[in-house]
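Survey of secondary and tertiary structure
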Amino acid sequence: MTDPQTPQPGLDAGPSKKLRVAAVGDLHVGESSERPYRDLFDRVHEDADVLALCGDLVNFGKTREVEILIEDLRACRIPMVGVMGNHEHEHGQPQVVMEMLCEAGVKMIADGRSYEIEGVGFAGGKGFVGGFGRYMLSSFGEDAVKAFVQAAVEDANQIETSIRSLRTERSVVLLHYSPIVETVMGEPPEIHAFLGSSRLGETIDRYDNVKLVVHGHAHRGAPAGTTNRGVPVFNVALPVLRELGDRPYRVFEV
């Protein structure tokens, strides 16, 4: 996996055709927005073969917000894959939001689903919170804590099902929450546990065919890091990309 924004001359491309994947999350389309990302969706085909959407595409998960987003999505001329974010759940109708996005042509990754596009697999899911490393919350104590941790474990199991179902040599994992602490650095330490979980990173590291992980959610986080096994992880939340300048999405070759 290489990032065209930091060219690496001299690398052997090998026999497999590279797939250009553009990724962005945290668009946060609101009810009063008017064509907020029409230009983004209209131009992305010039830079990429697939667009990955990493959750929090709308503000509160309201129907009108999704309708405004879909109007802009119609300008996209390449395949789209996506995952839900926590904001899509706020209005209490996440299934409606997902169905609307699916009908608009976004291949939504959830509940263990995965997709293959031009020989590259796309897996993942929203992910969940819980903390990182030695500070990850464990299933101990009150029933409420145990239920919380169990929800995190079940979520990670669904993501593992999604990854395991692929037979591709190259796979991309889409998440909303971060699988590593490095890409949330810059956020207040007090909220790191609510920005992701090492459980996600541990799940990813079980599979050698995962070549790239992209996520959002951490608006003030760092742009890049790696899992313990060395899989590249990129925070593609739009506020982070704006700090990097250039394009409102990041493009990778897989």
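Right above here is the structure, for reference.
Residues numbered from 1 in each chain as written. Predicted model: local features only at pLDDT ≥ 70, side-chain atom pairs only at ≥ 80, totals over all residues. Heavy atoms only, no water.

**Let's talk about helix 3 (residues 94–103)**
Taken together, the buried positions of helix 3 are occupied by Val97, Met98, Met100 and Leu101. Buried residues along helix 3 cover an arc of 160 degrees about the axis, so they all sit on one side. Next to the buried residues of helix 3 lie helix 2 (63–73) and strand 4 (106–108). After helix 3 finishes, the residue Gly105 shows a positive phi value of roughly 105 degrees. (Buried < 20%, exposed > 50% of the residue type's maximum accessible area, 1.4 Å probe, protein only. Helix = DSSP H or I, 4+ residues; strand = E, 2+ residues; numbered from the N terminus. Arc of directions from axis to C-beta. Contact = heavy atoms within 4.5 Å.)

**Here we look at the sheet that holds strand 1 (residues 20–24)**
Spatial ordering of the open sheet is given by 4-3-2-1-11, a layout of 5 strands whose pairing is mixed. The strands lining the two open edges of the sheet, one partner per strand, are strand 4 and strand 11 (250–253). Here the strands of the sheet are splayed against their neighbours by 25 degrees on average, with no regard to which way each runs. Across 4 bridges, the pairing between strand 1 and strand 11 is antiparallel. In the sheet register, Arg20 faces strand 11, and the bridge partner there is Glu253. (Pairing = 2+ DSSP bridges. Axes fitted to C-alpha atoms, helices over the stretch in contact; angles between N-to-C directions.)

**Topic: the packing of aromatic side chains**
Scanning the entire structure with this criterion turns up 2 aromatic pairs. Taking 5.4 Å as the distance between ring centres and 40 degrees as the angle between the ring planes, the aromatic pair formed by Phe128 and Phe148 counts as tilted. Taken together, the residues Phe128 in the loop between strand 6 (120–124) and helix 4 (143–164) and Phe148 in helix 4 connect sequence positions 20 residues apart. By relative accessible area, Phe128 is classed as partly exposed at 21%. Both rings, one in Phe234 and one in Phe252, keep their centres 4.5 Å apart while their planes meet at 45 degrees; by these two values the pair is tilted. (Phe/Tyr/Trp six-rings, centres within 6.5 Å; stacked < 30°, edge-to-face > 60°.)

**Some points on the packing of helix 2 against helix 3**
With their axes 10 Å apart at the nearest point, helix 2 and helix 3 run at an angle of 15 degrees to one another. Comparing their axes, helix 3 and helix 2 come out roughly parallel. Here the hand of the crossing between helix 2 and helix 3 comes out right-handed. On the side of helix 2, the interface is formed by Thr63, Val66, Glu67, Leu69, Ile70 and Leu73, while helix 3 contributes Val97, Met100 and Leu101. Looking at the contact of helix 2 with helix 3, its residues break down into 7 nonpolar, 1 polar and 1 charged. (Parallel < 35°, antiparallel > 145°, perpendicular 65-115°, else oblique. Left-handed = near helix turned anticlockwise from the far one by under 90°. Nonpolar A, V, L, I, M, F, W, Y, C, P; charged D, E, K, R; others polar.)

**Topic: the pairing of strand 8 (residues 210–215)**
In terms of burial, strand 8 is largely enclosed, as 5 of its 6 residues are buried. Here strand 7 (residues 170–174) pairs with strand 8 via 4 bridges, running parallel. Within the sheet, the bridge partner assigned to Val172 lies in strand 8 and is Leu212. Following the chain from strand 7 across helix 5 (residues 198–204) to the adjacent parallel strand 8, one finds a crossover that is right-handed. Here strand 8 runs beside strand 10 (residues 232–235); their pairing, made up of 3 bridges, is parallel. The residue of strand 10 that forms the bridge with Val214 is Phe234. (Right-handed = clockwise from strand over helix to strand, strands pointing away.)

**Some details on unusual backbone geometry**
Even without a glycine there, the phi angle at Asp26 is positive, about 65 degrees. On the basis of relative accessible area, Asp26 is assigned to the buried category, the value being 2%. With phi around 80 degrees, His217 is a residue other than glycine that occupies positive phi space. Looking at His217, the relative accessible area reads 13%, which means it is buried.

**Quick word on the environment of Thr161**
Position of Thr161 relative to the elements: it lies in helix 4. Its relative accessible area of 34% is what places Thr161 among the partly exposed residues.

**Quick look at the sheet that holds strand 7**
Sheet architecture is open: 6 strands sit in the order 5-6-7-8-10-9, paired in mixed fashion. At either end of the open sheet lies a strand with only one pairing partner, and these are strand 5 (115–117) and strand 9 (224–226). Averaged over all neighbouring strand pairs, the angle between strand axes comes to 25 degrees, with direction disregarded. Across the sheet, helix 4 is in contact with strand 6, strand 7 and strand 8; its angle to strand 6 comes to roughly 170 degrees.

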